[in-house]
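# Observations on the model geometry
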Amino acid sequence: MIIRLFLAFLLLTSSALAGELIRDELVETTLDSSLKPKPYVQKVYKDKLVEKTLLGKNLPMPVPNLHYNYADSDGVVVKLRPKTKISTGGKLRDGDVVKFVVTQNIVHNGRVILEKNSEVSAVVENISPNDRYGVPASIVISRFSSEVLPDKTLDGEINLQGKNNSLWVYPLSYFLMPFFGAGFGTTFIRGGNVNISPDETIEIYYRPTRFRTGL
Amino acid sequence: MKKFLALLILSTLLAASAPAFPATSRLFTAKEIKKNNETIYEIGFRLLNANKIDKRMTFSYSTKDNVNASTSHINRNIIIYDGLIQYISTEDELAAVLAHEISHAVDSYNGIFRGYLEFVPHIFIPRKYERKADQRAVDYMVNAGYNPVALIVIMNKAFPQYRYEVLGTHPLTSRRMAMIYEYIYTKYPAFLVNNPYQNNVYYQNFLLNSEHNRKKFAQKVKTGSKKKIRYDY
Ligand SMILES: [Zn+2]
């Protein structure tokens, strides 16, 4: 009962107070009453580089590798050598295509599927350059393909790291530091690059049925 | 009639070449990811299988509120913390975080003693390995049918911006995002043309805050230079 009376009191006083609005006379006398704030519109930022350089080009979407059948072990070794020297110390960059040459006829089910000296391409997936403190360079090459074979039937990856000098550069710098900080100089020693020369052999696989599309 | 047939053929051709992912591409919603740890393991193993990664590693979830994920050099266990899970709103974003950690775990197999000493160069030049992990994450995502733009999205949403790089193990987030953008543009441009994240509020904010860095990259594209860009703070 007391609460109800209190609420009624509140209601009465608040409606009485509502009549006592304080007005902004300056606004009412000097500003156009039809002025309204513009509704908020989200600005859309566009990527001009993409619009200018990529739009309208035929850029295929990569096909994801979702349907490998790892139980399928049907395959033959394909021996390759680089057409020219591959090095992390040169001009190669991520996404570049490198060429290899097949070193002997590849036979599958009694049939030559890749002839000796035919060309195989691959993609330099990633190059990480060498660095101070003896930190080595690394390279990853994959997506091997041949014009005469169906897509995704060549299976292999090159994943190499240069000489890791950090294992001795660090102790050396530590020992040389007492000699007028001479150890500091050794921290500028870099790690090794990866070099794959044209007479090195690389082994990948031809797997005709492991990757299945359209599943 | 001929016109109609031509149109029909054209439209079927277009439909066939449309860069659509298979219907099975996305497995989980954000809600499911937040509710069920198993989703984390499944996405992790899908990344491993699609990338033919034959090195063993495991995934786990921690209730700690760090906005982070980590990889144990000792046992190759990848941990994603609840603090970061709270920021995840698509399966792509979770895949992005896991793919980055997978790259660290793969690297931990390099070198002598089964990679035991591989942490040594990581101590000195950690940012080099972070850069590589970001780039490999993009590759891993693409191979597993995920959209790599989500790596930029989750970073811009969840990773803070420090002032100086020399003090930290990671490159500044602004630089990481610019490098990832460059990497996607160079290797998988189709994802930027057909970009479902284009109007995403976090990606829009990236376009806003990265304008000076993207201008630097645009210059590189224009001149065809192969030099490494030093991206700004
Ligand atoms: Zn990392």
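Refer to the structure printed above.
Keep in mind the model is a prediction, meaning the values are calculated, not measured.

Right, let's talk about the coordination of the zinc ion for a bit. Residue and element names in this part refer to chain B. Protein coordination at the zinc ion: the donors are His100 (NE2), His104 (NE2), Glu130 (OE) and Glu130 (OE), at 2.1 to 2.8 Å from the metal. Taken together, the four donor atoms coordinating the zinc ion span angles of 51 to 135° at the metal, a pattern that classifies the geometry as irregular. The sequence motif formed by the donor residues of the zinc ion is H-x3-H-x25-E. Here the residue His100 occupies a position in helix α5 (residues 91-107), and Glu130 occupies one in helix α8 (residues 126-143), the gap between them amounting to 30 residues. We note that His100, like Glu130, is buried.

Moving on: a positive patch on the surface. A contiguous patch of positive charge, built from Lys43, Lys48 and Lys52 of chain A together with Lys222 of chain B, is present on the exposed surface. We classify Lys52 of chain A as exposed; its relative accessible area is 74%.

Turning next to the pattern of salt bridges. Summed over all chains, the structure comprises 21 salt bridges over all chains. Measuring nitrogen to oxygen at the nearest pair gives 2.4 Å for the salt bridge that ties Lys83 of chain A to Glu119 of chain A. Of the two residues, Lys83 of chain A is situated in the loop between β1 (76-82) and β2 (86-87) and Glu119 of chain A in strand β6 (residues 119-128); the sequence distance between them amounts to 36 residues. Lys83 of chain A gets classed as partly exposed once you look at its relative accessible area, which sits at 43%. Glu182 of chain B is paired through a salt bridge with Lys220 of chain B; the nearest N and O atoms lie 2.8 Å apart. You can see Glu182 of chain B sitting in helix α10 (residues 173-187) and its partner Lys220 of chain B sitting in helix α13 (residues 211-223), a full 38 residues away along the chain.

So, on to the sheet that holds β1 of chain A. Strand order across the open sheet formed by seven strands is β8-β11-β1-β3-β6-β7-β9 (chain A), with antiparallel pairing between neighbours. Every interior strand has two partners, whereas the edge strands, β8 (154-155) and β9 (158-161) of chain A, have only one. Bridging between β6 of chain A and strand β7 (residues 138-145) of chain A involves six bridges; their strand directions are antiparallel. Across the sheet, the residue bridging to Ser128 of chain A is Ser138 of chain A, located in β7 of chain A. Running at roughly 135° to β6 of chain A, α8 of chain B makes contact with β6 and β7 of chain A of the sheet.

Analysis parameters
- Residues numbered from 1 in each chain as written.
- Chains lettered and ligands numbered in written order.
- Predicted model: local features only at pLDDT ≥ 70, side-chain atom pairs only at ≥ 80, totals over all residues.
- Heavy atoms only, no water.
- Donors = N, O, S within 2.8 Å, 3.2 Å for Na, K, Ca; no water.
- Tetrahedral: all angles 85-135°; square planar, octahedral: opposite > 155°, others 65-115°.
- Helix = DSSP H or I, 4+ residues; strand = E, 2+ residues; numbered from the N terminus.
- Buried < 20%, exposed > 50% of the residue type's maximum accessible area, 1.4 Å probe, protein only.
- Patch = residues over 30% accessible without salt bridge, like charges linked within 9 Å, V, L, I, M, F, W, Y side chains within 5 Å.
- Areas by Shrake-Rupley, 256 points an atom, 1.4 Å probe, with all protein chains shown as cover.
- Salt bridge = Lys/Arg side-chain N within 4 Å of Asp/Glu carboxyl O.
- Lys, Arg positive; Asp, Glu negative; His and termini not counted.
- Charge placed at Lys NZ, Arg CZ, Asp CG, Glu CD.
- Pairing = 2+ DSSP bridges.
- Contact = heavy atoms within 4.5 Å.
- Axes fitted to C-alpha atoms, helices over the stretch in contact; angles between N-to-C directions.

By themselves these figures say nothing about function.
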